[in-house]
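Residue-level listing of the chains:
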Amino acid sequence: MNASSNPALPPDAPWIVLKFGGSSVARVARWGSIAELARQRHAAGHRVLVVVSALSGVTDALKAIGESADVGERRRLAEALAQRHIDFAAELGVDPALLAPWLAHLSELAASGGGSRCQGLYAWQAELLAMGELMSSTLGNAALRQAGLNSRWLDARDCLQAQPQPNQNEWARWLSASVPAQRDDELRERLAGRNADIFITQGFVARTADGCTAVLGRGGSDTSAAYFGAKLAAARVEIWSDVAGLFSANPREVPGARLLRRLDFQEAQEIATTGAKMLHPRCLSPLRRSGVPLWIRDTGNPDLAGTEIGPEAPDAAPSIKAVSTRRGITLVSMETIGMWQQVGFLADVFEVFRKHGLSVDLIGSAETNVTVSLDPSENLLGSDVLAALCEELAQFCRVRAITPCTAVTLVGRGMRGMLHRLRDVLADMGSLSVHLISQSSNDLNLTFVLDEADAEGLLPRLHADLIAACALPAEEDEVFGPTWAQLYAGDRASRPQPWWRARVEALRDIAAARGTPAYVYDLGTVRERARALRGIGAVSRWHYAIKANPHPAILRALETEGFDFECVSPGEVDAVREALPGLDPQRILFTPTMAGDDEFADALAQGLRVTFDCVEAVRALADGRHGGRSIAVRLDIGPGRGQHAHVRTGHDSKFGLPLADLPAFVEAAQAAGLVIDTLHAHLGSGVFDAGHWREVGLQLASLAERLPTVTTLNPGGGLGVPYLPGEPALDLGALGAGLDELRAAYPRLTLAMEPGRYLVAEAGVLLARVSRIKRKGRHVYVGCDAGMHTLLRPALYEAWHPVVNLDRPDAPRTMRADVVGPVCESADNLALDRRLPADTAVGDVLLVDIAGAYGAVMASDYNRRGRPLEIVLDGGAA
Amino acid sequence: MSGWTFRRDGIGTFRFVSATYDAATGQARLEYAFDDGPSMVETIRFPGAPAPAHPQAVEKALQLLHLIAGVSYFKAAVPARIVVETAVPDAATAALLDAVYVEGLAEFAWRNGLDLRGRIAFPRTVAEDAGTTAPALALPRRSLVAIGGGKDSLVSVEMLRALGEDMTLTWVGESPLIAAVAAHTGLPTLNIGRALSPVLFELNRQGAWNGHIPVTAINSAILLLAALLYGFDSVVFSNEQSASAATLEAEGRVVNHQWSKGFAFERALASLVHARIAADLDYFSLLRPLSELAVTREFARHSQYHQHFSSCNRNFRILGAKPRERWCGACPKCHFVFLALAPFMAKPALVAIFGRNLLDDPELAGDFDALIEWQAHKPFECVGEAAESRAALAALAGRAEWKEDALVRRFAAEILPQLPPGSLDMAPLLRPGTDHALPSRYQGLFDAIQRA
């Protein structure tokens, strides 16, 4: 296609603003996509304005020139920059001579070190910084024209005029300028008269009232695109980058975070302000005021609809959209001293913050206390400003500087209407040191400020809790898109079809022939998981934690796969011995909790391996009757992890020997003639962070260095199983690599682990039959013969299990219902607020998936409803 | 170890069997044994070491290293008799060795309920000592600086850098932490390899005595040998004043956890080196005139290291980005370094290093009490003197951003009023002391600190 073939659009054709960042514009291949995107929009009847950043790294280099006092160095840096642009022009295949005027100006600026027409250091720096975009847009224009577009280069300074703000200091006036952004018909007409439909201009750059160059500060290119969108009253602004949009949590910490398909401006603003790095919060307000939608798109995946941000939907139900964290927060708590109800206390307080140049974020207040939060800034970290501030505040109140803290924020419209869904989140927070809770007055966020050490690993757990509690309704696919892992993590996220998909008929037959409720286990899946774990070469001994599922067929299958066993009670030991008569007792690790002295003595007498976690139990063996035996010690090395407060096992739980007691333990073991050969720590379950076991192992290894008899580290189990749809599986490759690193660093030590759930959860399903369907108002209850007496996890932990109607596996799932059991308890549910086929009927067989762990073993005969059947499939036969 | 069983209390003799240095591989081989048990061989690897230019001095340094490093093996059984099957030491050397084995193992003995006083007697030659000065070897003027990944050696490095000193940073054994910190200095490095005899681990499993050994004495001997091999005229450590103070005095015994970091050992080893190995090979601690507080004040200024260093006594052999992977937060070293840095750093910057505020954790009250020797004795760790910890806490009690933190408030309310007034001034603690053995070219270094 050639330039002249673009038919001219009518003068009132709607505008679209496309913005591309530095890493896009610095890649030759991306310019083909940029041209294609512009072409498509033009072909659809839009005028197009392309806004570009400087080539990646260029703004930093310009900043370095602007901060150097050495003219030689400035020249050298400027020459390197010039060369980079000349090289890039050659790569693009455009004429480097186009850059000549800019390069001359850059060289002049670098040489002069100021002293241009616009006086002052900041003015000079601003002019220097603007060079990056001026050059990249010049090259970009040539690239677009080369691709056959009739595009025109536009100097952004002719369109965006900075306006000084009240309280704006000199630095901000030049280097973090603001531009008023209302619809600008003069600009629209001017551009319509330019005989072109596609324009390219600079992000970040504006002009002052006296004709000098100013820049917009951090996130400036997004902000420029927003200004242009507002001025041109565009149909929309599209920001193109390496990710498809905003996510429900930081994907680096939560790979199961969902793409947010649709947000209103205020929600997006809140997410951007409370931690998301993707979008600069400044760029939203011009668009919100003028009602221009903002789309975020992925340059590498242009067909994927990313995040669309627009005006608030009038009928939006309250829901949480995202959870974010910010680290390094300092809280300043101020207690009035005998000034109760004194007029002007707050004014005095805030005056001091203003004076020290500190901007306050969150505020919590009481009659006699005000607590505010400060974000980490260079000022706060590198100077005495906090000391000076506190000193001054201390003159009229009692000050406490609480740091380091992390702010955890839930964002979503209608927070106050969702408190009942936050039961688990609040329970979770209750076990941590929370210093401040702030609920924003716009009802868009709820923020907890807690000790930074407590916040480690919290985000994935919270995110999962919110989904399980339906507070973050991940099933609403108009709002929530695919997970980050599905989009960007490749194979790891694509979980294989569950085993039962190929056996739907057979399962229905089982339900008919054998009755319900019934657990069905597939040994093939157990073996598959076992082999996957045995593939982790760094671990020399695997113990299956049989409490997850002690079915004898499973124990036998795992023994054949080379697994040893971990038992927590004499009963479990008996179960193993009955299933596997003649098993070497050293292959059973006995790790009871709160057991009496007799239990330990018996276990040692039976020849089992034994784990201790208190000094007294070892002192009871001081008579030396088991002298020479090796033992393990379970340590409490820090905060526990896992999906629910009940299944976490660090501080504030009964498990583990406190580190402070370790010397006494060692002494007691020596006195009893026992040799400590294993250090063990288990920090809870449902862990997806593949680096977790390396980290626990490292803590244990650093302790083992002072205990020369230790030969083995056991960093526990707790390997996460993805229950939620789209949640990525645990990355065993990464787990193994972390442990390899540990082994290499501590060659003297071998590793043992004790997974339970991981081996069996996905191998089991629960079959139940629908007994009753009941409607109460708009609420639908699907009742079945399985309940909390069959599968306790949903009632006990708010666990989330997938539920499928086996009689209608492919029917559209349009009915929202709670799946509940026949027990007289209001907590008796299997699944809340799920989608099932609308024609789900009494007699249908429901399948509750991922029920192989902590299912049958926790079942009871409560309400005299009987216990479930357990059926084992091996190679298809029941 | 077939045919021989380790019966700790039945062992009669510890034998120094042989010590050799192979110039072709740069490897020193140190051999030991108990009675007629298996030989225990430790190897020290000097990567890329040139052929020795001073073979006699190297031989002497090797012998000294052999005798000092034997302490790791000797302590497994602590037998009554010591036999040196290589060259028998002269009286001066034997006296130093007796001290290393008695004082250096004092904490080990105390904790294991042993008493080594009067039980260690190295064999010595009866002949008169061979003079008091070894020959000068015209060693190049450059420093081999021991770096440990903590604050002290980094302060030395920056002081020496300011003097324009030609230096190489060195450490013994694998340590990613030290390697990373050393890389941040941008200076040349030398990582010396050391492998203990695997037999020792086996003995540990069979009930060997265990505990603290004077590791700085061993490392000093390794570095002296390295200086001769690679050509340095100074071996620089970074031990401060407080290393000389006793950790515990009980039942007439003085136990100093950091004895081999103390001034007495430094002087004894330095003069033995001048007398027996090389007159122009200096061994000293650059920070000897300084208190821990003076060192932390210096260190606070070097923010480029703050996110990388660690003085925690847990040896994390893998580096992680989280503070928890460098600082356990539970050991006396973590507690002391936190406290000693606090008066000299912005609070948010300090807590960012540790990932938590240790002075606001009421559960640590007892640990901080030990640091200030308040109804407790100083921990067996390389931490500053009680006076320093008291002065630091007193300073924080007067600081608005610290004084409401749990342990500072407790100190101010319950302990401070009972301490003698005037004993808490920090200024005298920051002034450099005069007990040191710095060669003259470093003497001017402390003028700046003196004035500060």
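Cut-offs and rules
- Residues numbered from 1 in each chain as written.
- Chains lettered and ligands numbered in written order.
- Predicted model: local features only at pLDDT ≥ 70, side-chain atom pairs only at ≥ 80, totals over all residues.
- Helix = DSSP H or I, 4+ residues; strand = E, 2+ residues; numbered from the N terminus.
- Rg over C-alpha atoms; globule rule 2.2 N^0.38 Å.
- Contact = placed C-beta atoms within 7 Å.
- UniProt positions renumbered as here; feature names shortened; annotations may be inferred.
- Pairing = 2+ DSSP bridges.
- Axes fitted to C-alpha atoms, helices over the stretch in contact; angles between N-to-C directions.
- Buried ≥ 20, exposed ≤ 12 C-beta atoms within 10 Å, placed from the backbone.
- Domains from an automatic or database assignment.
- Nonpolar A, V, L, I, M, F, W, Y, C, P; charged D, E, K, R; others polar.
- Parallel < 35°, antiparallel > 145°, perpendicular 65-115°, else oblique.
- Left-handed = near helix turned anticlockwise from the far one by under 90°.

What to know about the overall build of chain A
Tallying secondary structure elements over chain A gives 29 helices and 35 strands in all. The C-alpha radius of gyration computed for chain A amounts to 32 Å, which stays within 12% of the reference 29 Å derived for 878 residues, consistent with globular compactness. Expressed along its principal axes, the backbone C-alpha trace of chain A runs to roughly 90 × 65 × 65 Å. Considering only contacts in chain A between residues 6 or more positions apart, those separated by 24 or more positions represent 76%.

Topic: the UniProt feature "modified residue: N6-(pyridoxal phosphate)lysine" (unreviewed entry) in chain A
All names here are of chain A. On the UniProt side, "modified residue: N6-(pyridoxal phosphate)lysine" (unreviewed entry) is annotated at positions that read Lys547 here. Assignment of secondary structure puts Lys547 in the loop between strand 20 (539-545) and helix 21 (552-560). Apart from residues no more than four positions distant in its own chain, Lys547 is found in contact with Val568, Glu572, Gly756 and Val857.

As for the interface of chain B and chain A
Counting residues at the interface gives 25 residues for chain B and 37 residues for chain A. Listed by contribution, the elements that provide at least two residues to the side of chain B that touches chain A are helix 7 (198-205) and helix 12 (347-354) of chain B. Sort the elements by how many residues they give to the side of chain B that touches chain A and helix 12 of chain B lands first, with five residues.

A short note on the sheet that holds strand 11 (residues 282-285) of chain B
All names here are of chain B. Reading across the sheet, the nine strands line up as 4-1-2-3-7-6-5-8-11 and stay open at both edges, with mixed pairing between neighbours. The outermost strands of the open sheet, each flanked by one partner alone, are strand 4 (81-84) and strand 11. For this sheet the average axis-to-axis angle between neighbouring strands, irrespective of direction, equals 20°. Both strand 5 (residues 143-146) and strand 6 (residues 167-172) contribute to a ladder of four bridges, which runs parallel. By the bridge assignment for strand 6, Ser143 is matched with Met167. Helix 8 (residues 215-230) rests against strand 3 (40-45), strand 5, strand 6, strand 7 (189-195), strand 8 (234-237) and strand 11 of the sheet, and its axis sits at about 155° to strand 5.

Considerations on the UniProt feature "active site" (unreviewed entry) in chain A
Residue and element names in this part refer to chain A. According to UniProt, the feature "active site" (unreviewed entry) maps to Cys824 in the numbering used here. Summarising the element assignment, Cys824 is placed in the loop between strand 32 (815-820) and strand 33 (829-836). The class for Cys824 is exposed, based on 10 C-beta atoms found within 10 Å.

Observations regarding the domain arrangement of chain B
All names here are of chain B. Domains assigned within chain B are domain 1 (8-130 + 137-285) and domain 2 (323-430). On a C-alpha basis, the centres of domain 1 and domain 2 stand 32 Å from each other. Taken together, the contact between domain 1 and domain 2 spans eleven residues of the former and nine residues of the latter. Taken together, the residues of the side of domain 1 that touches domain 2 sort by class into three nonpolar, five polar and three charged.

What about the packing of helix 4 (residues 71-92) of chain A against helix 6 (residues 121-146) of chain A?
All names here are of chain A. Between helix 4 and helix 6, whose axes approach to 11 Å, the crossing angle comes to 15°. As far as their axial angle goes, helix 6 and helix 4 are roughly parallel. The way helix 4 lies across helix 6 gives a crossing that is right-handed. Along the contact surface, helix 4 presents His85, Phe88, Ala89 and Leu92, while helix 6 presents Met135, Leu139 and Ala143.

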